[in-house]
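Topology and contacts: notes
Each chain, written out:
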Amino acid sequence: MLRTRRIVSTSVSGTDSNRMTFADLGLSEDLLKAVSEAGYSEPTDIQREAIPPVLMMKDIIGIAQTGTGKTASFVLPMIDIMASGRRRALMPRSLILAPTRELAAQVAENFEKYGKNHDLRLALLIGGVQMGDQVKALNEGVDVLIATPGRLMDLFERGKILLNGCELLVIDEADRMLDMGFIPDIEFICSKLPESRQTMLFSATMPPPIEKLAKKFLNNPKRIEVSRRASTNQNITAFKVPVKSRQKRETLRWLIENDHIETAIVFANRKTTVRELNKSLQRHGFRSGEIHGDMDQSSRIKELDRFKQGEINILVASDVAARGLDIKGVSHVFNFDTPWHPDDYVHRIGRTGRAGAKGRAFTFVAEEDAEAIGNVEKLTGAEVPVFGKKDVRVDLVEKPAEPEEKPKRTRRKRDEETVEERPARKAKSERAPRRRRDEDDAPVAPGEWNGPRPGFLDVSAT
Ligand code: ADP
Ligand code: MG
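Quantities reported herein were computed from a predicted structural model and do not represent experimental measurements.

Rules of the game
Residues numbered from 1 in each chain as written. Chains lettered and ligands numbered in written order. Predicted model: local features only at pLDDT ≥ 70, side-chain atom pairs only at ≥ 80, totals over all residues. Helix = DSSP H or I, 4+ residues; strand = E, 2+ residues; numbered from the N terminus. Contact = placed C-beta atoms within 7 Å. Pairing = 2+ DSSP bridges. Axes fitted to C-alpha atoms, helices over the stretch in contact; angles between N-to-C directions. Parallel < 35°, antiparallel > 145°, perpendicular 65-115°, else oblique. Left-handed = near helix turned anticlockwise from the far one by under 90°. Nonpolar A, V, L, I, M, F, W, Y, C, P; charged D, E, K, R; others polar. Core = buried A, V, L, I, M, F, W, Y, C linked by C-beta atoms within 7 Å. Buried ≥ 20, exposed ≤ 12 C-beta atoms within 10 Å, placed from the backbone. Domains from an automatic or database assignment. Expected span 1.5 Å × (residues − 1). Arc of directions from axis to C-beta. pLDDT = per-residue confidence, 0-100.

**Quick notes on the overall build of the chain**
Secondary structure assignment for the chain yields 15 helices and 13 strands. For the chain, restricting intrachain contacts to residue pairs at least 6 apart in sequence, the fraction spanning at least 24 positions comes to 76%.

Structure representation (structure tokens):
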């Protein structure tokens with residue numbers, strides 16, 4: 001396939017650097033071919049700024065929000081750097097540290113995609129996978145070792161791996177490493193690598209402990225910050241939805257049905273909420289699944305695959321399990337709870353609006369979320385707008401209430417914790433109109449939404 005050079009940029013911001021192609025960055029022909037076959041026409045900001053200095057063997061601190069293509073900004077130049085040199089048994093030539101197994105696996109996929117024209121050997125060292133094959137690969141010699149800190153420490157302590165041949169180190173998703181308590185492990189690993197190595201650190205945010213880590217282990221690094229610290233992506237329309245705690249599930253269902261959802265990730269702060277919410281959604285006939293830290297590796301991958309294949313279109317997730325996962329085309333992110341750590345807000349909503357696509361993010365704010373949303377707004381430096389009637393994507397029916405005909409329902413006990421199993425959801429058109437207390441449904445043309453104005457639109461902002 002031929003590489004196409006863009007002569008005229010169609011992007012809005014038309015500075016010269018924005019017209020730069022991958023070919024201008026100094027990458028090899030073989031690599032450019034793989035990049036164009038991957039369908040990338042131009043580098044993202046972080047790629048444009050990081051690739052040339054990485055090729056010049058400089059240490060790098062790369063700060064860019066999630067979904068901005070940080071992976072390729074180190075994988076691409078690494079492929080060219082690693083192209084020369086020889087493999088040695090037990091001594092990987094380069095090391096990439098990632099906080100979770102899923103993220104490590106994603107980095108490996110990137111290597112396979114872009115490195116297909118190169119003779120590079122990879123090994124993936126992650127927990128939950130048989131160690132035998134990993135040790136065998138190491139014995140045969142690897143160019144690039146991609147590992148989670150825990151598993152690497154494990155192998156190192158058993159003497160199955162030597163790190164003194166490692167000329168290049170990448171610490172990916174450094175802020176997540178911090179959240180997961182990996183900093184001591186990383187410090188230990190850094191101390192086992194040769195001092196003359198090249199080191200790169202990538203992160204969406206730079207909290208003080210990460211600054212400290214960088215100062216200690218990077219040598220005169222070039223700092224690349226492509227947008228304001230912890231700023232959120234322009235392609236994401238974010239709202240907060242003031243709700244009462246017990247209305248959260250109902251509100252979520254309303255939005256799933258009425259906000260043109262294709263695929264959504266719903267984040268909750270607790271594993272138990274993830275499990276219960278998923279069950280509740282399934283009871284209501286939604287095609288949902290769950291991913292959280294208590295699941296073993298294979299079930300997590302299986303669930304993620306079902307989501308990627310479209311078998312399910314709603315994934316209920318906890319932060320640890322979902323950090324940095326590259327799931328294409330997620331149209332919506334819901335924060336069922338406002339995250340406790342404001343950095344997590346940036347990461348969560350970063351799952352949508354990736355690589356140019358538009359996305360919508362809704363953050364539910366109940367009384368107990370008030371402090372957390374305040375912290376989010378402090379971090380991002382802007383107030384998240386309240387989801388209002390003008391933002392609703394379907395026509396809202398606001399009819400004067402007709403005389404009450406239906407028998408009064410006793411109020412449900414504690415949301416739908418007690419809801420019984422329901423039959424699988426019918427297609428929209430054959431579904432009976434849903435009714436609510438105090439409001440009645442107006443007859444509508446087929447295919448249009450026939451529900452009343454949802455109650456949460458009347459709740460005032462906290
Ligand atoms: P980050 O690590 O910054 O969160 P990723 O490296 O996971 O982001 O990339 C996010 C998405 O953008 C991925 O789906 C990736 O394939 C895509 N992507 C990366 N670089 C480009 C590019 N130059 N053009 C188009 N898409 C890209
Ligand atoms: Mg990443």
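There's more to say after this.
**Description of the sheet that holds strand β6 (residues 198–203)**
Strand pairing in a sheet is mediated by backbone hydrogen bonds. Such pairs are either parallel or antiparallel. Pairing is parallel across the open sheet formed by seven strands, whose spatial order is β3-β4-β2-β5-β6-β1-β7. For this open sheet the edge positions go to β3 (122–125) and β7 (222–225), each flanked by a neighbour on one side alone. In this sheet, adjacent strand axes meet at a mean angle of 10 degrees when their direction is disregarded. Relative to strand β4 (residues 144–147), β3 is paired through four bridges, and the arrangement is parallel. Across the sheet, leucine 125 pairs through a bridge with alanine 147, a residue of β4.

**Observations concerning the packing of helix α6 (residues 149–157) against helix α8 (residues 183–192)**
Put simply, α6 and α8 touch, their axes get as near as 10 Å, and they point 50 degrees apart. Classified by the angle between their axes, α6 and α8 sit oblique to one another. By crossing handedness, the relation of α6 to α8 is classed as left-handed. Residues Pro149, Gly150, Leu152, Met153 and Phe156 of α6 form the contact with α8, whose participating residues are Asp185, Ile186, Phe188, Ile189 and Lys192. Per-class residue counts for the contact of α6 with α8 are seven nonpolar, one polar and two charged.

**A few points about the nonpolar core**
Of all hydrophobic cores here, the largest spans 109 residues; its most connected members are Ile146 and Val266. Considering every element that reaches this core, the biggest residue donor is helix α3 (residues 70–82), with seven residues. Each of two domains, domain 1 (8–225) and domain 2 (236–391), supplies a minimum of three residues to this core. Among residues more than four places away in sequence, those in contact with valine 266 are Leu252, Leu277, Ile314, Val316, Ala317, Phe334 and Phe336.

**Some words on the packing of α3 against helix α4 (residues 101–114)**
One can describe the packing of α3 onto α4 by two numbers: an axis separation of 10 Å at closest approach and a directional angle of 45 degrees. With respect to α4, the element α3 is oriented oblique. When you trace α3 past α4, the crossing you get is right-handed. Taken together, the residues of α4 that come into contact with α3 (itself represented by Thr71, Ala72, Val75, Leu76 and Ile79) are Val107, Asn110, Phe111 and Tyr114. Classifying every residue of the contact of α3 with α4 by side-chain character gives seven nonpolar, two polar and no charged.

**Examining the pairing of strand β1 (residues 60–63)**
Burial along β1 is two-sided: Ile60 and Gly62 and Ile61 and Ile63, pointing in opposite directions, are all buried. The pairing of β1 with β7 spans four bridges and is parallel. Counterpart to isoleucine 61 in the pairing with β7 is arginine 223.

**Re the environment of proline 194**
Inspection of the secondary structure assignment puts proline 194 in the loop between α8 and β6. For proline 194, a count of 11 C-beta atoms within 10 Å gives the class exposed. Separated by 26 residues in the primary sequence, proline 194 and leucine 168 place their C-alpha atoms 9.2 Å from one another.

**Topic: helix α12 (residues 297–309)**
A rise of 1.5 Å per residue sets the reference length of α12, with its 13 residues, at 18 Å; its end C-alpha atoms lie 18 Å apart and thus fit the reference within 8%. Arg300, Glu303, Leu304 and Phe307 are the residues of α12 that are buried. End-on, the buried residues of α12 take up no more than an arc of 100 degrees, which puts them together on one face. Seen from the buried face of α12, the exposed residues on the opposite side, beyond 90 degrees, are Ser298, Asp305 and Gln309. Glycine 310 sits one or two residues past α12 and shows a positive phi near 85 degrees.

**Some words on the environment of serine 41**
Tracing the backbone through its elements, the reader meets serine 41 in the loop between α1 (29–37) and α2 (45–55). Look at serine 41 and you get partly exposed, because 13 C-beta atoms sit within 10 Å. Between the C-alpha atom of serine 41 and that of phenylalanine 22, which follows or precedes it by 19 residues, the distance is 7.8 Å.

**Digging into the sheet that holds strand β13 (residues 359–365)**
Read across the open sheet, the six strands follow the order β8-β13-β12-β9-β11-β10; overall the sheet is parallel. The open sheet has two free edges, formed respectively by β8 (236–242) and β10 (288–291), since each of these has just one partner strand. Between one strand axis and the next, the sheet turns through 20 degrees on average, direction left out of account. Docked against the sheet, α12 engages β10 and β11 (314–317), running at close to 145 degrees with respect to β10.

**Regarding the confidence of the model for the chain**
Confidence in the prediction of the chain, expressed as mean pLDDT, is 81, and 78% of residues score 70 or more. When mean pLDDT is taken per element in the chain, strand β5 (residues 168–171) scores highest with 98 and helix α13 (residues 319–322) scores lowest with 73. Per-residue pLDDT stays below 50 along residues 404–450; that stretch engages in 43 contacts with residues further than four places along the chain or on separate chains.

**What to know about unusual backbone geometry**
Positive phi outside glycine occurs at leucine 90, with the angle close to 65 degrees. Tracing the chain through its elements places leucine 90 in the loop between α3 and β2 (94–97). Positive phi is not limited to glycine here, since glutamate 173 has a value of about 55 degrees. Relative to the helices and strands, glutamate 173 resides in the loop between β5 and α7 (174–179).

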